[in-house]
Amino acid sequence: MSKVVLELRNASPQKKESLALKMAKEMAGNVNFPDPNPTLLDLKSAADTLSAKRLAVRVAKTALRSAVNEQNAAEKTLVKMLQQEASYIEMASGGDALKIESSSLKSRKKNVRSHHPPKVEGVSAMPGNKSGEILLSWHSLPRSFNLRGYQVRYAFVFQEKMEWIMYDKLTSKSKMKFMSPQPGQRIWIEVRAVNNTDVGPWSDVMGIVAP
């Protein structure tokens, strides 16, 4: 016994409308279906109603697009005027925070050049669990220095003119896992702070035998 397949789940409103009109046309005078329920007239009327509503939606979408474009244009004009007004307030107030805030706007101080980072203190090290792994840590510096992070350099021979090698990792934390390229040998390490405009002095040199 065969069953009817409608396939309406993912069908568009237009496809449903077309299906209803096609059914009404094919079933008109069809002796196989003498008493349609609902009637073919009601089926066609429902399809015509859906068609009218689809048209109303298209008209509404067009009107909405036009209204959105008009809103965007009005917003752009107002933003430009607000920016001009803010420039006037800033100039007329002479940068006085109280005068600026009396206009209902907020004020903020100009960004000043970051301070030169100080020397990193408290550098310590201990062997890690892996071959060549050294766990470094030091005292973190205040946020007021606007740090980008900390740099590490190392050398294998302690002498007056040491040949320092820059470690290729910049860390934002006050600790890191340092991997010595020569496990089992004594290594000398220094740390310094880096901000957006300058670098600080290197810390006191510290020696440790890499595991």
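Refer to the preceding data block for the structure.
Reference entry: report on the structure contained in this document. Since we're looking at a predicted model, the values are computed, not measured.

Definitions and cut-offs
- Residues numbered from 1 in each chain as written.
- Predicted model: local features only at pLDDT ≥ 70, side-chain atom pairs only at ≥ 80, totals over all residues.
- Heavy atoms only, no water.
- Phe/Tyr/Trp six-rings, centres within 6.5 Å; stacked < 30°, edge-to-face > 60°.
- Buried < 20%, exposed > 50% of the residue type's maximum accessible area, 1.4 Å probe, protein only.
- Helix = DSSP H or I, 4+ residues; strand = E, 2+ residues; numbered from the N terminus.
- Lys NZ or Arg CZ within 6 Å of the ring centre and 35° of its normal.
- Pairing = 2+ DSSP bridges.

Description of the packing of aromatic side chains
Any two aromatic rings considered together are summarised by their centre-to-centre distance and by the angle between their planes. Inspection of every chain in the model, using the stated rule, returns six aromatic pairs. Considering the side-chain rings of Tyr-154 and Phe-156, the 5.8 Å spacing of their centres and the 75° angle between planes classify their relative orientation as edge-to-face. By relative accessible area, Tyr-154 is classed as buried at 9%. Centre to centre, the rings of Tyr-154 and Tyr-167 are 6.4 Å apart; their planes meet at 75°, and the pair counts as edge-to-face. A residue pair is termed long-range when its members are at least 10 positions apart, and Tyr-154 in strand S3 (residues 147-155) and Tyr-167 in the loop between strand S4 (165-166) and strand S5 (175-179) qualify at 13 residues. The pair formed by Tyr-154 and Tyr-167 is uniform in burial state, with each residue classed as buried. Taken together, Tyr-154, Phe-156, Tyr-167 and Phe-178 form an aromatic cluster joined through their ring pairs. Over the ring of Trp-188 we find Arg-186; its NZ or CZ atom is 5.6 Å from the centre of that ring.

Quick notes on the sheet that holds strand S7 (residues 206-209)
If you walk across this open sheet you meet the four strands as S4-S3-S6-S7, and the pairing is antiparallel. Each having just a single partner strand, S4 and S7 make up the two edges of the open sheet. One ladder, built from eight bridges, connects S3 with strand S6 (residues 186-195); its direction is antiparallel. Along S6, the bridge assignment pairs Tyr-154 with Ile-189.

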